[in-house]
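One-letter residues, chain by chain:
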Amino acid sequence: MTKTTAPTTRVAVIGVGIMGSAISRRLLECGHRVSVFDLDAAKVAALAEHGATAAATAREAAAASDFVITSLNSAAVVERAIFGDDGIAAAMPADRSGC
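Chemist: Could you give an account of the environment of L27, naming the residues involved and the relevant values?
Modeler: Structurally, L27 is set in helix α1 (residues 18-29). A relative accessible area of 17% places L27 in the buried class. Between the C-alpha atoms of L27 and T9, which are 18 residues apart in sequence, the distance is 9.3 Å. Apart from residues no more than four positions distant in its own chain, L27 is found in contact with V11, V13, H32, V34 and I69.

Chemist: Run through the pattern of salt bridges, naming residues and quoting values.
Modeler: The final tally for this structure, using the stated rule, is two salt bridges. A salt bridge links D66 to R10, with the shortest nitrogen-to-oxygen separation between them at 2.8 Å. Of this pair, D66 sits in the loop between α3 (58-63) and β4 (67-70) while R10 sits in strand β1 (residues 10-14); the two residues are 56 residues apart in sequence, bridging distant segments of the chain. Accessibility expressed as a relative area gives 32% for D66, which makes it partly exposed. Residue classification places R10 among the partly exposed positions, given a relative accessible area of 26%.

Chemist: How would you explain the nonpolar core if you had to name every residue and give the values?
Modeler: Residues V11, V13, V16, L27, L28, V34, V36, V44, L47 and A52 constitute the largest nonpolar core, which totals ten residues. Mapped onto this core, the elements with two or more residues apiece are β1, α1, β2 (33-37) and α2 (41-48). When neighbours within four sequence positions are excluded, V16 is seen to be in contact with S21, S24, V36, F37, D38, K43, V44 and L47. A55, A58, A61 and I88 belong to the second-largest nonpolar core, a separate cluster that totals nine residues.

Chemist: Can you tell me about the sheet that holds β2, naming the residues and giving the values?
Modeler: Pairing in this open sheet of four strands is parallel, and the strands run β3-β2-β1-β4 from one edge to the other. If you trace the sheet from one side to the other, it starts and ends with β3 (53-54) and β4, each paired once.

Chemist: Outline the side chain of T57, listing residues and values.
Modeler: Secondary-structure assignment places T57 in the loop between β3 and α3. Reaching out from T57, the side chain makes a polar contact with the backbone nitrogen of E60 at a distance of 2.9 Å. Residue contacts for T57: discarding those within four places in its chain leaves F37 and D86.

Parameters at a glance
Residues numbered from 1 in each chain as written. Predicted model: local features only at pLDDT ≥ 70, side-chain atom pairs only at ≥ 80, totals over all residues. Heavy atoms only, no water. Helix = DSSP H or I, 4+ residues; strand = E, 2+ residues; numbered from the N terminus. Buried < 20%, exposed > 50% of the residue type's maximum accessible area, 1.4 Å probe, protein only. Contact = heavy atoms within 4.5 Å. Salt bridge = Lys/Arg side-chain N within 4 Å of Asp/Glu carboxyl O. Core = buried A, V, L, I, M, F, W, Y, C linked by side-chain atoms within 4.5 Å. Pairing = 2+ DSSP bridges. Polar contact = N/O pair within 3.5 Å; in protein donor to acceptor, adjacent residues only side chain to side chain.

Here it is, written out as structure tokens:
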């Protein structure tokens, strides 16, 4: 059987604790380009050592990606990550905002 290689997908992972870091590592293993953001710089640095791109903000990670995955622990944190000044929504092109 011939194995085909799919085009690389750019994925942002916002929140790289236990679950988010596992998701990020698996995406990297599958050959995807992964940008990561977390308030804990050490968690981001650990994934950067495995090939992820460290983003300074959720907005930066989202802007560099085709898809965004969040792995966050409360509604308040999700709201800030999406709608905060440097949140995911700020990176969305106007034609994809749904408004």
